[in-house]
Structures are given as structure tokens and as C-alpha cells.
Amino acid sequence: FFHEVFVFAPVLRAVSMAQVVIEHKKGEVNELKATLRNPAVDRDPEKKREVVKRVIAYMTLGIDVSKLFSEMIMATSSKDHVIKKMVYLYICNYAATNPDLSLLAINTLQKDCRDDDPMTRGLALRSFTSLRLPNIVEYLPGVIQAGLRDQSPYVRKTAVLSCLKMHNYSADALASSDMVNQLYTMLRDRDPQVVTNCINALNEILAAEGGMAINKPIIHHLLNRIKEFNEWSQCVVLELVARYKPESPQETFDIMNLLEERLRHSNSAVVLAATKVFLELTQDMPQVHAQVYARLKAPMMTLIAGGVFEQGFICLKHIALLTTRVPDVFAAEYKHFYCKYNEPSCVKLLKLDILTAVATQATVPEIVDEIAEYITEPDANVARAAVAAIGKLGVRVPECGGGVVEQLLKLLEVDIDHVSAEAIIAMKNLLRKFPDRIERFIGGIGTFFRNIDEPDAKVALLWMVGEYGHVIPEAPYLLEPLIDNFAEETSQAVRLELLAATVRLFFRRPAELQQMLGRLLDAAIADASFTDVHDRAMLYYRLLQLDLGAAERILCRSEHVSGQFVEEVPSELQDRIFEEFNSLAVIYGEPSERFVKPELLQVRRVATNGNGASNGAAGHAGAGGGSDDDESDEESDEEPTAAPPPPPAAAGGGIDLLGLEDALPAPAAALALAPGASLDPAVFQQQWGALPTADSWQHRTSLSVPLEQLSARFGTRHVKTMAFGTVGDASKFYFFAREAGAADTLLLCELVVTRSTGVAAATIKATAPAPVPLFSSLVRELLSS
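Within every chain, residues take consecutive numbers counted from 1 along the sequence as written. pLDDT decides what is reported in this predicted model: residues at 70 or higher carry local features, side-chain atom pairs at 80 or more are listed and counted, and totals for whole chains, interfaces and linings draw on all residues regardless. Note that the side-chain values use all heavy atoms of the structure and ignore hydrogens as well as water.

**Comments concerning the sheet that holds strand E5 (residues 759-766)**
Part 1 of the argument: The five strands lie next to each other as E1-E5-E4-E3-E2, forming an open sheet whose pairing is antiparallel. Looking at strand neighbours, the two that pair on one side only are strand E1 (695-700) and strand E2 (720-727), the edges of this open sheet. When strand polarity is set aside, the average angle formed by the axes of neighbouring strands in this sheet is 15 degrees.
Part 2 of the argument: Pairing between two strands is assigned when DSSP locates at least 2 bridges connecting them. Note on conventions: DSSP H or I runs of at least 4 residues are helices, E runs of at least 2 residues are strands, and numbering of each starts at the N terminus. Two elements, E1 and E5, share six bridges in a ladder whose sense is antiparallel. If you follow Asp-695 over to E5, its bridge partner there is Ile-764.
Part 3 of the argument: Residue contacts are counted whenever heavy atoms from the two residues lie within 4.5 Å of one another. Every angle, taken between N-to-C directions, lies between 0 and 180 degrees, and every axis is a line fitted to C-alpha atoms, over only the stretch in contact when it is a helix. Running at roughly 85 degrees to strand E4 (residues 746-754), helix H34 (residues 681-690) makes contact with E2, strand E3 (730-738), E4 and E5 of the sheet.

See below:
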């Protein structure tokens, strides 16, 4: 008992002291209340500032000082901006918990929004729109409208962000006002920060419509003023320009000439944003697009030489992405990607990947010699990556395979376990591509078996024995110790590969392997510690028992790779990451939908012209699109659509492994649609109004995907989405497609889906009647699947 009291005594004292402190602070709160009411303190700004500081300090500590609400409201009469900031912070924190006094706070802040001092007006407006009160929305439009028209740029930029806060409070209230049109008009504000805030606010307010609507006058106005913006504001403008689709090649060149200087900017974010603009603008101009890659080389190489590892890593990630498309552009600069001793491991690993991508026949020998120096790195991951990179160079540049093999053989003699293990794995990949090089490796394979303990390296050695055992004299006797100690092997991968190697070698050297294979199968079938190993052994046993000839045909097929490895083939994943250039998707190596919550992903349009918006947004753009040259804004009739998810795997088209398709009737002729079809919104509208209805029907559907993802499903069959929108219970889609071949028939479709009933009503129009039945069936199929 005394021991327990002794142990818990410090805790009890701490609790008691905390209670005393809290009681003491409560007493001080009462003192503060009296001090704030003291006329002498009210007349001395310094003393009053100190008292208010104490109030904020107590609030920060979690002490309830809400009873000082009335006194703090009266403190807003001070002309001291420091006092006002602290009082406004207090009001925003306690207004929601004091509904009876909230009206007093609203009246006080409204009065300060009309103050003569612009700093006071801005602070009051920011605090007013930060109040978390249920009845605050009715008071906001007046003060925000006044702030948008204020002479002070500080007040105006605060008012712009207040529009965004109002949108979060009540989107309907903002939509019923004229503030969105005002924000478009304020894109021509004389203060660059106000313009930047307008762009950010519009993009978030109109996220459901695909972001801020853009057109030629808006883009040209922002580009002509881009030098006035600070670095981060330039990034915002450039992100907007990347969404714009120029009307002609000449306009593309004009924009690129305006942005040429941005590629030489000292800020890496500006350079990468400008890079994305250049790549997006020239997507439809292959020759110019290739020249753009070459033009980007110099600024990108300058950025990685800046000496800041974090910046260098980001730039190297983007260069690595570029090398997947144009490795030759950076081939001459390979020395810039040599690793430095003081670089972090992440940078070294990235440079090794780039070196393997940009290497050519002329540079491989020098690169191999350089990479070979990295095997003594303290970080085992870098050393392994260096060995793997040497192996990749041998696979990628076959003409230099002999030198790579010699280097790998040298690495096998290095007394570093992970280096030797990685060299064996690299040699295995090299032999899969070039089996004739096994001769240089045969002599030491027995030594490697005795010295290697890593499972992955063991698997590689076993594969070599199974594949080339007929030319390795001691091959059966290399497997025998592993077979005898099968029960002691803890790696499932090694057990599986031992089974496969033994069975393959049995068909080439049956006399030596028959008894070994029997013992191995018996041990593997009897041991149930790994289900996969047990099942594989049963499969081999039954195959051998049923038909030796069939078993040999199945199990001894060559695994030599005649083309590229799967990892080297350009994938759709890389294309999707490339579309998100200059974003976290490049850094993570994953599309944004894989690491960003769906509800936080900004809605993106899938319209082919790239700069359309909904009817409402286009109207807003027209309101603010007044240009220096008296060109009228072109309004777009397309509606917004949600960001497409990764397209589902196409049904069919796979290998019929079981022969189940042999008895099926031949499929009917399918409608061939052009995969790269594009259509201007104005042309769509004109054709829709001029063409007669070719087919119309209603269909009850039960979609397995959300309606917001329907456009992505249609896109997998080359049916493009022109516009999409939802009003109430109905979702409306406009699709178009072009028939592939000489006919080039244009097919248009309006689809209205009622969510509550699940009924889809389709109206189809076409420039020729022949493909309409097939297209109509395709639409039904996409709705029903």
C-alpha cells in the first residue's frame, strides 16, 4: 500500500497543481474582465495591447475566456491594428458559442468594413466572412460587393477570397448573386494579386463545371501581363494557359514566343509550368512537338544543377518522365546524371534510372565504368540499383552486351553479398534476352550456389540450371543438396523454382534426375506449410503420370524474350501521368486518382477542345472577356463532365486458354469508330440543329458505375463526350463519334438519364444513315453492360 502511494504521489501532485493553475487562471479571467473595463487601460494603447495578448494566450491554452466577449467587442474601437487582429481572432473563435452576442459581433464587423483605413476594412471583411454562424449568409453579399469595388487592392483581394468562403457557406446564395460575373470582370484588375485570387476563386467555385471558363481574350490579356505577376501567380496563369486550345497554329506560335522567357526563369515551378504549356499546345503538331522537347533540355538541365537536392529531385522526376518518350534528347548530357557523393539516395536512384534510359551504344562503356564505382556505396539500395542498371544496359543496348557480361562477372567476385546477389539477378535477365552468353557464366555457377543465400538470387540460379542444365555438367548435383534439404528451405519462391528447375532438367537428363525428382515431389506433396508449393507439386506429379510428352511440351517451353520486357513497353499508365505533368502524379509515379480522395479531385472536362465550359460558365466568361482588341468571345455550348476514372478493361480480346470460344457463333460485323475523333463545339451545335433525328428510344438501365463515370465508359469504345451536366433528377450527355474508314460519317447522340427511374432516353443523328443501327446498338450495349 505504501509503495503504491509512493508511486502515484507525483501524479497526484501534478493533477493537484494543474487544478490549482486552472483555478488560478479562472481568477485571472475575472481580473482581465475588470481590467478591460478600466478606463485608464482603455486610454493607454500599450497596456490594452498587453491585456488583449493575455486573453488570446489563455484562449490558445484552452482556457474558456468566452465571458469576456462583450469587453472584447468594445475593444474593436481601438485604432491599433495589432489589437484589432487579436480581437477579430477572438470573435471568430467564440462567435459560434455565443449566439446571443453574435448579432453584436456582426454589427461591429459591418461597421469596421466601412472604416476609413483600408487595413481595417480588409481585416474586418476577412474576419466577417470567417464567422461560423448559421445566419451569416444574409449579411455577406453587401459587404463582399462593397469590398470588390473598394479602391484598396488589399481589400479587393480579400473580397475575392470572401466570395469563395461564401460559396462554401451557401453555393446557392453565391449563384443567385452577380459575384461570379464580377470575378470575371476583375480579371482585368490593375493589381496582379487580385487577378490571381480571382483565377483561384473561379476555379474552385466553378469546379463542378470544369473550372474557370477561358477564351482567347482572357488568355491573351493574362499573357500580356504575365511579367507583372509574382512567381507563384505566374504558375497559376500558366496552369490556365495549359488548358487553352489555340484557334490556329499562328496563335500557338505567338503564345510560345510570349512564354519563351519563362523557360529561363530562376524558379523551377515557373519553368515546369511553362514546360507543360509548351507540351500541351503542340500535341497536334508532331514536328513542332519534337522541337519543343529539344528546346526544354537546356532549362531542365540548368534546374538540376542548382545545388538544392529537393528541387533537383523534382526536376529529375520530370526528366525521367520525358526520357520515356524522347530518350535521345538527353543522350548527349549523360554526364550530368552521374551521381555525386553528397547526394541523397533518392536522387542517386533516380539518376541511375535516367542513365539506363539515355545510354547509347557510344556511351554505354563509359556509363558502365562510372556505375561500377557505385557498388561500394554505404546504402545497399544504391549499390543494388547500380548493379541492376548495368544489367539493364546490357539488355537495352545489345551491341554492348559483351562488355556488360564481363563487368557482371567482375561484380560476382566482389566480396559484398548484396552486390553478388544482384549481379546474378542481372545476369539472369541478360540470359533471358541473349541465351548464347551462358558460355561465359557456366564455369562459376557451382561456386555461386555455395556462396549465395538471398532467396531472389537463388531463384535466378535455379532458373539458369533449369534452362541451361543440358550444357552445365554438374547441374543435377547442384540441385541435389537443395532437394535433400527441401524441408529446411524457408522461402516459398525458392521452393517453387526448385520444383520447376528439377522438372525441366528431368526431361533433358532423365537418368540423373529421376530419383531426385521423385524425392522432391514426395517431400513437396507431403509438406503442407506452403499451399502453392503443394499444389504445384501435385500438378507436376499428375502431368508426369498422365502423359510425359504433353508434360514436356507444357513445362519445357522456352522463356527467351525476343522483344522488350514488359517493364520497358510504354504503358497507358505513363500516358496518364504525362497528362498530369507538373503535378504530384509525376513525383509519386501514379495518376492522381490513386492518391487523392475522389471527393477532393477537381472535376475535369473531357471535351476535346480543352477550353470549353458549361453554358453558365461560358456566359460568365463573356462578361469578363472584354479584350484590348475588339474581338467577340466565342461561347461554348458544352456542359461539364466529371474526371474520367481509369478505363475498365475491355471485354473480350483475350486468349482463349480453355477453348471455350470455339463453339460460339461468329460475331456480327462491329461498328469501327475512329479513335482520334475530334469535333469543335460550334460545329456540334450547328450539326445538331441541322440534322434530322435518325433514331430515338428509351431504355431502362441499371448502371454498374456512377453516372459521372459514364463518359469514361463510352470513351473506351471511341465515343467521345462533348458535354455533360446534371439538373435536378436528370443527367444529360452529348456524345459524338466518327466512323472509321473512307465514309467518315459523323454520329451524334443526346442521352438523358433520369436517376430516380433509371430510364435513359436517347436521340441519335448522323450525316449518313448506314451506321446508325450499329451505333444505336453500341449505345444500348454501353448502357446495359
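**Comments concerning unusual backbone geometry**
Excluding glycine, most residues fall at negative phi; most peptide bonds, likewise, are trans.
Part 1 of the argument: In this model, Asn-582 sits at a positive phi of 65 degrees, which is unusual for a non-glycine residue.
Part 2 of the argument: For Asn-582, the location among the structural elements is in the loop between helix H31 (572-579) and helix H32 (584-588).
Part 3 of the argument: Relative accessibility thresholds used throughout: buried, under 20% of the residue-type maximum; exposed, over 50%; partly exposed, between the two (1.4 Å probe, protein chains only). A relative accessible area of 23% means that Asn-582 is categorised as partly exposed.
Part 4 of the argument: One non-glycine residue, His-718, lies in positive phi territory at about 65 degrees.
Part 5 of the argument: When you line up the elements, His-718 lands in the loop between helix H35 (710-715) and E2.

**What to know about the packing of helix H25 (residues 455-468) against helix H27 (residues 492-508)**
Part 1 of the argument: For the pair H25 and H27, interaxial distance at closest approach is 8 Å and the crossing angle is 10 degrees. Taken together, H25 and H27 sit at an angle that is classed as roughly parallel. Residues Pro-455, Lys-458, Val-459, Leu-462, Trp-463, Val-465, Gly-466, Glu-467 and Tyr-468 of H25 touch H27, and the partners they reach there are Ala-493, Val-494, Glu-497, Leu-498, Ala-501, Arg-504, Leu-505 and Arg-508.
Part 2 of the argument: The nonpolar class holds Ala, Val, Leu, Ile, Met, Phe, Trp, Tyr, Cys and Pro. Asp, Glu, Lys and Arg form the charged class, and all remaining residues, Gly among them, are polar. When its residues are assigned to classes, the contact of H25 with H27 shows eleven nonpolar, one polar and five charged. Roughly parallel means an angle under 35 degrees; roughly antiparallel, over 145; roughly perpendicular, 65 to 115; everything else is oblique.

**A word on the confidence of the model for the protein**
Part 1 of the argument: For every residue, the predictor reports its confidence as pLDDT, a number between 0 and 100. Looking at the protein, the pLDDT average stands at 81 and 84% of residues meet or exceed 70.
Part 2 of the argument: In the model, residues 1-24 has pLDDT below 50 throughout and makes zero contacts with residues more than four positions away in sequence or in other chains.
Part 3 of the argument: In this model residues 603-668 is a low-confidence stretch, pLDDT under 50, and it forms 128 contacts with partners more than four residues away in sequence or in other chains.

**Topic: helix H20 (residues 364-372)**
Part 1 of the argument: Where H20 is concerned, the buried positions are Val-364, Ile-367, Val-368, Ile-371 and Ala-372. One side of H20 holds all its buried residues, which, seen down the axis, span an arc of 135 degrees.
Part 2 of the argument: Next to the buried residues of H20 lie helix H19 (345-358), helix H21 (380-396) and helix H22 (401-412). To obtain the arc, one takes the directions from the helix axis to the C-beta atoms.

**Quick notes on the nonpolar core**
Part 1 of the argument: Note on terminology: a nonpolar core comprises buried Ala, Val, Leu, Ile, Met, Phe, Trp, Tyr and Cys residues joined through side-chain atoms within 4.5 Å. Tyr-90, Leu-131, Ile-371 and Leu-408 are the most contacted members of the largest nonpolar core, which has 207 residues in total.
Part 2 of the argument: Each residue touching Tyr-90, except ones within four places of it in the same chain, is listed here: Val-55, Ile-56, Met-59, Val-65, Ser-66, Lys-67, Leu-68, Phe-69 and Met-72.
Part 3 of the argument: Among the nonpolar cores identified, the runner-up in size contains 24 residues, and Leu-710, Ala-737, Leu-747 and Val-779 belong to it.

**Considerations on the side chain of Arg-713**
Part 1 of the argument: In this fold, Arg-713 is placed in helix H35.
Part 2 of the argument: In summary, the charge assignment counts Lys and Arg as positive and Asp and Glu as negative, without counting His or the chain termini. Here a salt bridge means any side-chain nitrogen of Lys or Arg lying within 4 Å of a carboxyl oxygen belonging to Asp or Glu. No salt bridge is formed by the buried Arg-713, whose closest oppositely charged neighbour, Glu-781, lies at an N-O distance of 9.4 Å.
Part 3 of the argument: By the criterion applied in these results, polar contacts are pairs of N or O atoms within 3.5 Å in which, for protein atoms, one can donate a hydrogen and the other can accept it, and in which residues neighboring in sequence qualify only through two side-chain atoms. From its side chain, Arg-713 meets the backbone oxygen of Leu-782 in a polar contact 2.9 Å long.

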